Amino acid sequence: MTDIEIQKVTAHIGARVLGVDVSKPLDDITVAALRTALDEHKALVFDDVDLDDEGQQAFARHFGDLTTAHPTVPAVDGAPNVLPVDSERGRANHWHTDVTFVLNPPQASTLRSITVPPYGGETLIANAAAAYRDLPEPLRAFADTLWAEHTNDYDYAVPDESVDEDQAAQRAQFTSITFRTAHPVVRVHPLTGERGLFIGGFAQRIVGLSVGESRKILDLLQAYVTRPENVLRWRWSPNQLVLFDNRITQHYAIDNYDGLPRRLNRVTVAGDVPVGIDGTRSHSIQGDASHYTSVAG
């Protein structure tokens, strides 16, 4: 084990990791140190990494079994666990937590820079635990009681009439299998016990409320997640790897690079079924994601 140095990037989220060669197998002590840092900082940045797709998968496997690339979107050719996050295939410029529409979303995501535009293209990552702590006590108590239905068949911000043929095809593929899952709005992190707001773009309705009522409540809670103090704004450089805790963060890819090429490769670590503050677990309403990730019994 080398001497690991953790440098905070902001007060509430993000840290740089120095002294770890992620291209090599890591010993248990190093992995434990990285897990502890991830629990504290929610997002970890590794600079000047020497990784290909195989290496990125090997690094991610230190934290658990991998999911396949995505429940509905194709993987990189020959690498079924690697999702190309490519500006040519659509842009994730909305706040979300990865794949929350399935029963057990990924516990962690890794993003590796492949093609970086000369300007723009940052990734925002928000600390959902800090957001929960920011809630006034009456609002926090209210949120503790709520459940939300998450789906990949969500209300897109772009209306149908302004979507071109390629975008329509991408949308159709993304929703080719409909998934609907009920999750607690306040999720308890299985390792730290922290409570975080588990919402984001795939959360479309509060269980028991109308869509209109749900949107007002979700927007109110989401405003705490996306407070600037709770957000890391990461400007990509070549050969960087970012690891973030998908159980207690949201992220957003900013579309501010004039349509220039931008490509990251994503590998995600399989996660557990979310649990609310009363110990109740999430439940699936529609869609079988067993081809994407296994559920530990």
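A brief look at the structure comes next. From a predicted model like this one, the values you see are computed outputs, not experimental measurements.

**Structural notes on the packing of aromatic side chains**
For any pair of aromatic rings, the description consists of the separation of the ring centres together with the inter-plane angle of the planes.
And step 1. Applying the stated criterion across every chain yields a total of five aromatic pairs.
And step 2. With a centroid separation of 5.5 Å and an interplanar angle of 50°, the aromatic rings of tryptophan 95 and tyrosine 252 are classed as tilted. Taken together, the positions of tryptophan 95 in the loop between β4 (83–86) and β5 (108–115) and tyrosine 252 in strand β14 (residues 249–253) put the pair 157 residues apart, joining distant regions of the chain.
And step 3. Relative accessible area serves as the criterion here: at 16%, tryptophan 95 is assigned to the buried category.
And step 4. These aromatic residues form a ring-pair network of at least three members: Phe46, Phe59 and Phe63.
And step 5. In this structure, arginine 140 packs its charged tip against the face of tyrosine 132, placed 5.9 Å from the ring centre.

**A word on the side chain of histidine 251**
And step 1. By the element assignment, histidine 251 lies in strand β14.
And step 2. Given a relative accessible area of 7%, histidine 251 falls into the buried group.
And step 3. For histidine 251, the side chain forms a polar contact with the side chain of aspartate 98, separated by 3.0 Å.
And step 4. Residues contacting histidine 251, with those up to four places away along its chain left out, are His94, Trp95, His96, Thr97, Asp98, Thr123, Leu124, Ile125, Phe244 and Asn246.

**Considerations on helix α1 (residues 28–41)**
And step 1. Given a rise of 1.5 Å per residue, 14 residues ought to cover 20 Å, and the 20 Å separating the end C-alpha atoms of α1 matches this to within 8%.
And step 2. For α1, the complete set of buried residues consists of Thr30, Val31, Leu34, Arg35, Ala37, Leu38, Asp39 and His41.
And step 3. For α1, the elements touching its buried residues are β1 (5–8), β2 (15–18), β3 (43–46), α2 (53–61) and β13 (241–245).
And step 4. For α1, the capping residue at the N-terminal end is aspartate 27, with a side-chain oxygen 3.2 Å from the backbone nitrogen of isoleucine 29.
And step 5. Just past α1, the residue lysine 42 takes up positive phi, approximately 75°.

**Description of the sheet that holds strand β16 (residues 283–286)**
And step 1. Pairing within the open sheet is antiparallel, and its four strands lie in the order β11-β7-β8-β16. Where the open sheet ends on each side, the last strands, each with one partner, are β11 (203–206) and β16. Between one strand and the next, the sheet's axes are offset by a mean angle of 30°, whatever the strand orientation.
And step 2. Here strand β7 (residues 147–151) pairs with β11 via three bridges, running antiparallel.

**Topic: the pattern of salt bridges**
And step 1. What the rule picks out here adds up to 16 salt bridges.
And step 2. Note that lysine 24 and aspartate 21 form a salt bridge whose closest N and O atoms lie 3.8 Å from each other.
And step 3. A salt bridge links arginine 180 to glutamate 149; the nearest nitrogen and oxygen atoms lie 2.8 Å apart. Of this pair, arginine 180 sits in strand β8 (residues 180–184) while glutamate 149 sits in strand β7, and the two are 31 residues apart along the sequence.
And step 4. Overall, the relative accessible area of 26% leaves arginine 180 in the partly exposed class.
And step 5. Its relative accessible area of 10% is what places glutamate 149 among the buried residues.
And step 6. The network of salt bridges with shared partners includes Arg187, Asp245, Arg247 and Asp272.

**Some details on the nonpolar core**
And step 1. Core analysis: the largest hydrophobic core is formed by 25 residues, its most contacted members being Val22, Leu34, Leu44, Phe46, Phe59 and Leu243.
And step 2. Going through the elements one at a time, β2, α1, β3, α2, β13 and β15 (263–269) are the ones with two or more residues in this core.
And step 3. If one sorts the elements of this core by residue count, α1 sits on top with four residues.
And step 4. Once residues lying within four places of it in the same chain are set aside, the contact partners of phenylalanine 59 are Val22, Leu26, Leu34, Phe46, Thr110, Leu241 and Leu243.
And step 5. Among the nonpolar cores identified, the runner-up in size contains 23 residues, and Leu135, Ala143, Val186 and Val225 belong to it.

Analysis parameters
Residues numbered from 1 in each chain as written. Predicted model: local features only at pLDDT ≥ 70, side-chain atom pairs only at ≥ 80, totals over all residues. Heavy atoms only, no water. Phe/Tyr/Trp six-rings, centres within 6.5 Å; stacked < 30°, edge-to-face > 60°. Helix = DSSP H or I, 4+ residues; strand = E, 2+ residues; numbered from the N terminus. Buried < 20%, exposed > 50% of the residue type's maximum accessible area, 1.4 Å probe, protein only. Lys NZ or Arg CZ within 6 Å of the ring centre and 35° of its normal. Polar contact = N/O pair within 3.5 Å; in protein donor to acceptor, adjacent residues only side chain to side chain. Contact = heavy atoms within 4.5 Å. Expected span 1.5 Å × (residues − 1). Pairing = 2+ DSSP bridges. Axes fitted to C-alpha atoms, helices over the stretch in contact; angles between N-to-C directions. Salt bridge = Lys/Arg side-chain N within 4 Å of Asp/Glu carboxyl O. Core = buried A, V, L, I, M, F, W, Y, C linked by side-chain atoms within 4.5 Å.

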